[in-house]
Amino acid sequence: MANPSILILPGDGIGPEVMAEVRKIITWFGDKRDLKFNVSEDLVGGAAYDAHGVPLTDETMAKAQAADAVLLGAVGGPKYDKLDFSVKPERGLLRLRKEMDLFSNLRPAQCFDALADFSSLKKDIVAGLDIMIVRELTSGVYFGEPRGISPDNEGGRVGINTQRYTTEEIRRVARSAFELAKRRGNKVCSMEKANVMESGILWREEVQWVHDNEYPEVELSHMYADAGAMQLVRWPKQFDVIVTDNLFGDLLSDCAAMLTGSLGMLPSASLGAPMANGRPKALYEPVHGSAPDIAGQGKANPIACVLSFAMALRYSFDQGAEADRLEQAVEAVLADGVRTADLMGPEGGTPVSTGAMGDAIVKALDASL
Ligand code: IPM
Ligand code: MG
């Protein structure tokens, strides 16, 4: 059988730098674990706009559809702020999510022991934290119609976006949350605003339906999303899996990310329906953005992107043990005190470069053999 294919889309800002470190890791797994991938690379976001005038070409879209997994760095930057909405770098990413139908976005928030002091919350509140946010990624207010800006009747303008969810859209993402919960702490908390939104009432009812009919053995609770945000910072360890819509998931996952100390640590997987070969359509990307302020300086933390590749090993390539190996290598490096600039505590120290962090992870992988 041919080697599985990976399409790398480094994108903008720190994307190319952190992706260069992932390449070292991919090479390591090929050399040392005989896990060989057929890797190709292409442009997305501002980089694609600069080259082609669009944030994602049809050719790149087709390559992404055909790939066994897509790894994306980051998109966007101040240089592109003035562009028309339709060609902004973010539209490239949103097109990938929508056309690949990546409805289930897994955003783990895990607190590494070595970093428990970096959280803005007290250590005992975050130490050992391990939660998974499942964000619906292809519907809701991000894509609902009607949308747009148009003149109103009073000489002003009106901006419109539509929150819209169907039964099937809710049920399929709920199923992926229950499936994950069964392999973790067996608990799902669903978040919406059923107190003010009809789409929230439907969300709550459909998640409950999937629970009652298909996963009665999993513990299910419901929370209004604003209360959920509050509980996330009050006592995050009460949660195992959180399932929520596209917009609430965007907000709550940034909030959960910060609990762990640094946005530079958090990976994500966006999964769709199984392809003909049984693998899910999949795109992996760090939760952090393109960080234009530090781009090109070798300061970025590559760990979120490296851990995104670990998620690819687990969810696309059925290599859970190798994913564990990579995650443990990252943990070992952190336990050794190796730190990029974003992980410098108040006591200071000398940060290592992006490349040195990647090399340290490779060394830890060597040591794991
Ligand atoms: C995210 C980002 C994106 C989103 C942007 C870059 C379009 O914030 O992945 O969380 O809003 O979904
Ligand atoms: Mg976001």
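The model shown is predicted, which means the values in this text are computed figures rather than measured ones. Position numbers for residues start from 1 in each chain and track the written sequence from start to end. As a convention, the first chain written is A and the first ligand written is 1, with the rest following in written order. A pLDDT threshold of at least 70 governs which residues receive local features in this predicted model, and a stricter bar of 80 or more applies before side-chain atom pairs are shown or counted, although totals over entire chains, interfaces and linings include all residues. Heavy atoms from the whole structure form the basis of all side-chain values; hydrogens and water molecules are not counted.

I keep staring at the overall build of the chain and nothing clicks. Help me out?
Looking only at helices and strands, the chain has twelve helices and twelve strands in total. Working definition: with a 1.4 Å probe on protein chains only, accessible area under 20% of the residue-type maximum means buried, over 50% means exposed, and in between means partly exposed. Counting only residues that meet the buried cut, the chain has 54% of its 369 residues in that class. Sequence-distant contacts in the chain: of pairs separated by 6 or more residues, those separated by 24 or more amount to 74%. Each accessible area value is a Shrake-Rupley result obtained with a 1.4 Å probe; residue values ignore everything except the protein chains displayed when judging cover. Here the chain has roughly 15900 Å² of accessible surface; of this, 52% comes from carbon and sulfur atoms. Numbered from the N terminus, helices here are DSSP runs of H or I no shorter than four residues, and strands are runs of E no shorter than two. Residue contacts are defined here by distance: any two heavy atoms, one from each residue, within 4.5 Å place the two residues in contact.

Is there a simple way to think about the pattern of salt bridges in this case?
Pairing is possible between side chains that carry opposite charge, provided their charged atoms lie close to one another. A side-chain nitrogen of Lys or Arg and a carboxyl oxygen of Asp or Glu constitute a salt bridge if their distance falls within 4 Å. Applying the stated criterion to the full structure yields 25 salt bridges. Of the charged contacts, one joins D68 and R279 as a salt bridge, the two residues approaching to 3.3 Å between their closest N and O atoms. In this pair, D68 is assigned in the loop between α3 (58–66) and β3 (69–74) and R279 in the loop between β11 (267–274) and β12 (280–286), connecting sequence segments 211 residues apart. Each member of the pair, D68 as well as R279, is classed as buried. We note a salt bridge from R135 to D250, for which the minimum N-O separation is 3.7 Å. One end of the pair, R135, is in strand β5 (residues 130–136); the other, D250, is in helix α9 (residues 246–259), with 115 residues separating them in the sequence. What you see here is one network of salt bridges that share partners, running through E21, K24 and D359.

In this structure, what is going on with the layout of surface pockets? I would like to understand it.
Take a probe with the size of a water molecule and roll it over the atoms, and the empty space left behind shows itself. Here the term cavity refers to a set of points on a 1 Å grid, laid over the protein atoms alone, in which a 1.4 Å probe fits but cannot get out; the term pocket refers to an open set having protein on both sides within 12 Å along at least five of seven lines, with lining residues being those that place an atom within 4 Å of a point. Grid points are joined across faces, edges and corners, and a volume is the space filled by probe spheres set on the points. What the largest pocket holds in volume is close to 460 Å³. Lining the largest pocket we find 20 residues, and of these Q110, D130, R184, R314 and E327 sit closest to its centre. Listed by contribution, the elements that provide at least two residues to the lining of the largest pocket are β4 (104–110), β5, α10 (303–315) and α11 (320–335). Here the residues of the lining of the largest pocket sort into eleven nonpolar, two polar and seven charged. How far each domain reaches was decided by an automatic or database domain assignment. Composition of the lining of the largest pocket by domain shows at least three residues from each of domain 1 (1–110 + 261–369) and domain 2 (120–257). Each residue is assigned to one class: nonpolar for Ala, Val, Leu, Ile, Met, Phe, Trp, Tyr, Cys and Pro, charged for Asp, Glu, Lys and Arg, and polar for all the others, Gly among them.

Would you mind going over empty space enclosed by the protein with me for this structure?
Inspection of the entire model under this criterion finds two cavities of 30 Å³ or more. Lining the largest cavity are Q163, Y165, M191, E192, K193, M197, S199, G200, W203, D245 and F248. Listed by contribution, the elements that provide at least two residues to the lining of the largest cavity are β8 (187–192) and α7 (198–214). Here the lining of the largest cavity takes three residues from α7, the largest share from any one element. Considering only residue class, the lining of the largest cavity consists of five nonpolar, three polar and three charged. Taken as a whole, the second largest cavity encloses approximately 40 Å³ of empty space.

Got a minute to help me understand the site of ligand 1 in this structure?
The near set for a molecule or strand comprises every residue that places at least one heavy atom within 4 Å of it. In the region of ligand 1, the neighbouring residues are E90, R97, R107, R135, Y142 and D250. We define a polar contact as two N or O atoms separated by no more than 3.5 Å, with the added condition that, inside protein, one atom must be a possible hydrogen donor and the other a possible acceptor, whereas residues neighbouring each other in sequence contribute only through side-chain atom pairs. Taking R107, its side chain carries an N or O atom lying 2.8 Å from an oxygen atom of ligand 1. When ligand 1 is considered free in solution it has 320 Å² of accessible area, and contact with the protein chains removes 75% of it. Two domains each put at least three residues into the shell around ligand 1: domain 1 (1–110 + 261–369) and domain 2 (120–257).

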